[in-house]
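Examining the three-dimensional arrangement
Chain by chain, the residues run as shown.
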Amino acid sequence: GALPMKGGQECVVCGDNSAKYKCPVCRAPYCSVACCRSHKEIPCSKPETERKSVGEEGAGACPVAKPKEPSKRPRAKLPSEEDTEDEDGARLRREHLISIASSDSIRKALCDPHLVETLAHIDASSQAEQALDAACEDPGFREFTEKVLNILDPKP
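Parameters and conventions
Residues numbered from 1 in each chain as written. Predicted model: local features only at pLDDT ≥ 70, side-chain atom pairs only at ≥ 80, totals over all residues. Heavy atoms only, no water. Helix = DSSP H or I, 4+ residues; strand = E, 2+ residues; numbered from the N terminus. Buried < 20%, exposed > 50% of the residue type's maximum accessible area, 1.4 Å probe, protein only. Contact = heavy atoms within 4.5 Å. pLDDT = per-residue confidence, 0-100. Axes fitted to C-alpha atoms, helices over the stretch in contact; angles between N-to-C directions. Parallel < 35°, antiparallel > 145°, perpendicular 65-115°, else oblique. Nonpolar A, V, L, I, M, F, W, Y, C, P; charged D, E, K, R; others polar. Pairing = 2+ DSSP bridges. Salt bridge = Lys/Arg side-chain N within 4 Å of Asp/Glu carboxyl O. Core = buried A, V, L, I, M, F, W, Y, C linked by side-chain atoms within 4.5 Å.

Moving on, we come to the overall build of the protein chain. Counting its regular elements, the protein chain contains seven helices and three strands. Going from the N terminus to the C terminus, the protein chain shows its helices and strands as β-β-β-α-α-α-α-α-α-α. Relative to its 156 residues, the protein chain shows a buried fraction of 20%. Taking the intrachain contacts of the protein chain between residues at least 6 apart in sequence as the baseline, contacts between residues at least 24 apart amount to 30%.

Following the sequence through the fold, H39 ends up in helix α1 (residues 33–40). With sequence-adjacent residues up to four places away left out, H39 is seen in contact with V12, V13, C23, C26, A28 and C44.

Another aspect to go through is the confidence of the model for the protein chain. Averaged over all residues, the pLDDT of the protein chain is 74; the fraction at 70 or higher stands at 65%. For the stretch residues 50–59, pLDDT sits under 50, and the model shows twelve contacts to residues farther than four places along the chain or on other chains.

Time to look at the packing of helix α5 (residues 113–124) against helix α6 (residues 128–135). α6 packs onto α5 with a crossing angle of 155° between their chain directions and a minimal axis gap of 7 Å. It follows from the interaxial angle that α5 and α6 lie roughly antiparallel. Contacts between α5 and α6 involve T118, H121 and I122 from the former and A128, A131, L132 and A135 from the latter. Considered class by class, the residues forming the contact of α5 with α6 number five nonpolar, two polar and no charged.

Quick look at the pairing of strand β2 (residues 19–22) now. Put simply, side chains in a regular strand alternate between the two faces of the sheet. Note that β2 and strand β3 (residues 29–30) share two bridges and pair antiparallel. By the bridge assignment for β3, Y21 is matched with Y30. Hairpin connection from β2 to β3: six residues lie between these consecutive antiparallel strands, with R27 at a positive phi of about 70°.

Take the pattern of salt bridges next. Counted according to the given criterion, the structure contains two salt bridges. With a closest N to O distance of 3.2 Å, R94 and E41 form a salt bridge. Taken together, the residues R94 in helix α3 (residues 94–102) and E41 in the loop between α1 and α2 (48–54) connect sequence positions 53 residues apart. Residue classification places R94 among the partly exposed positions, given a relative accessible area of 36%. Taking the relative accessible area as the measure of exposure, E41 reaches 21% and is therefore partly exposed. The shortest N-O distance in the salt bridge between E143 and K147 comes to 3.7 Å. A residue pair is termed a helical-turn pair when its members lie 3 or 4 positions apart in one helix, as E143 and K147 do in helix α7 (residues 139–152) at four residues.

A few words now on the nonpolar core. Across soluble globular proteins, you tend to see nonpolar side chains buried next to one another. Core analysis: the largest hydrophobic core is formed by ten residues, namely I100, I106, A109, L115, I122, A131, A135, F141, F144 and V148. The set of elements that each furnish at least two residues to this core consists of α4 (104–109), α5, α6 and α7. When residues of this core are assigned to their parent elements, the largest contribution, three residues, is made by α7. Setting aside chain neighbours within four positions, we find V148 in contact with I100 and I106.

Below is the structure:
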């Protein structure tokens, strides 16, 4: 379960400043059950300092954890997971997200702090489309998006 904590920290999912809980795995703050479920969609890992003290990772290793294999047992869909479409008529399904999260090339790319900062900025922006357009000016970001698109629609 979630670990209760003092309020005032920013939720890693929605950005609300009333995060009351921490993920028991990665210690990321979140504010609600809905945000907890969203956070659990992409597997997380223990913070790097904890891992190194246990000896699981070598010095300088990237902190992106290998995702867990999805359960073979079907799970109930959340209302937010229904096969709805966004304004462009597209929505990634769970298997797409798992493919992206499992990709070694994506995982390696996410070791770049500049890329992670760019993605966090887009995610937290109230004008995400404009932030995405600006990020596309960066060749490293464009390369990352090409990797994601190639996973979703591999070219023969």
